[in-house]
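# A closer look at the structure
Here's the letter readout for the chains.
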Amino acid sequence: MRAHIVWDWNGTLFHDMEAVLGASNAAFATVGIGPMTMQEYREQYEIPIPRFYRRLLGRMPSEAEWLLLDDAFHDRYRELSAACGLTDGVLELLAGWRAAGHSQSLLSMYEHERLVPIVDGFGLTGHFLRVDGRSGPSGGQKAEHLTRHLAALGEHVDPARTVLIGDAADDALAALHAGAHAVLYTGGSHTREKLEPVGVPVVDSLAEAVELAGRIAG
């Protein structure tokens, strides 16, 4: 059985934090929350997202407010993310991992129907055994999605030799839930200070993450 990486998309392979911040500030405006700086966002952000909004509002958003927040975020994100690109070195890292005889897949909490053409547009689809985005409502956690993703990969992948590389504490919690490993990358949605308490390795580059994944799962 080969070593396997499950890649996260937003904030990991896809360098979209400026779009995420702009979309978040557009969403905040719908419920009277002032705009954040990037540092403030990365210090405050958490998953599940309604809990993040509860932190900012001082209470859970109502159903109507949640719909306003979610719609505003996704509308603005689609506008801004068109200008975003891959994180530095992604093409070489994906090709190198594959050339070494290992396997990899992609699991994102971005809507599946919107994710697939974007990944394909960057010419990445052929690197992955499987590409899965979110099905169902937004705002949830990744654990059950990862369990289904690994089950769909079947005999091709052993969770015990699988490392999820992502940028959020929720990525690590999902991996632990599924019996896999995790390496967290500081270039996305969370600061190092938010990631380290989870108790998995934390790195500052995707190259470090891949090298570490090889040692963990190899």
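The structure under discussion appears in the preceding block.
Throughout what follows, the structure given in this document is the object of discussion. All values derive from a computational prediction rather than experimental measurement. (Residues numbered from 1 in each chain as written. Predicted model: local features only at pLDDT ≥ 70, side-chain atom pairs only at ≥ 80, totals over all residues. Heavy atoms only, no water.)

### Considering the packing of helix 5 (residues 90-99) against helix 10 (residues 206-217)
The condition is simple: A fitted line through C-alpha atoms represents every axis, and for helices the fit uses only the stretch in contact; the resulting angles, taken between N-to-C directions, go from 0 to 180 degrees. Numbering of helices and strands runs from the N terminus; a helix is a DSSP stretch of H or I covering at least four residues, while a strand is a stretch of E covering at least two. Note on angle classes: values under 35 degrees are labelled roughly parallel, values over 145 roughly antiparallel, values of 65 to 115 roughly perpendicular, and the remainder oblique. For a crossing to be left-handed, the near helix must be turned anticlockwise from the far one by less than a right angle; the clockwise case is right-handed. Whether two residues are in contact is decided by their heavy atoms: any pair within 4.5 Å suffices. Side-chain classes are defined by residue name, with Ala, Val, Leu, Ile, Met, Phe, Trp, Tyr, Cys and Pro counting as nonpolar, Asp, Glu, Lys and Arg as charged, and the others, Gly among them, as polar.
Running from N to C, helix 5 and helix 10 cross one another at 15°; their axes reach a closest spacing of 10 Å. Here helix 5 is positioned roughly parallel relative to helix 10, judged by the angle of their axes. Crossing handedness for the pair helix 5 and helix 10: right-handed. Seen from helix 5, the contacting residues are Val-90, Leu-93 and Trp-97; seen from helix 10, they are Leu-206, Ala-207, Val-210, Ala-213 and Gly-214. Tallied by class, the residues present in the contact of helix 5 with helix 10 amount to 7 nonpolar, 1 polar and no charged.

### Quick word on unusual backbone geometry
The omega torsion of the bond from Ile-47 to Pro-48 falls at 5°, within 30 degrees of zero and hence cis. Checked against the element boundaries, Pro-48 lands in the loop between helix 2 (38-44) and helix 3 (49-57).

### Observations regarding helix 7 (residues 143-153)
For an α-helix, 3.6 residues make a turn, and residues three or four places apart therefore share a direction. Using the following cut-off: Type-normalised accessible area, obtained with a 1.4 Å probe on protein chains alone, sets the label of each residue: buried when under 20%, exposed when over 50%, and partly exposed for intermediate values. Taking the helix axis as origin, the arc is that swept by the directions to the C-beta atoms.
Ala-143, His-145, Leu-146, His-149, Leu-150 and Leu-153 are the residues of helix 7 that are buried. End-on view of helix 7: buried residues confined to an arc of 160°, all on one side of the axis. For helix 7, the secondary structure elements touched by its buried residues are strand 1 (4-7), strand 4 (103-111), strand 5 (131-134), strand 6 (162-166) and helix 8 (169-177). Gly-154 lies just past helix 7 and shows a positive phi near 60°.

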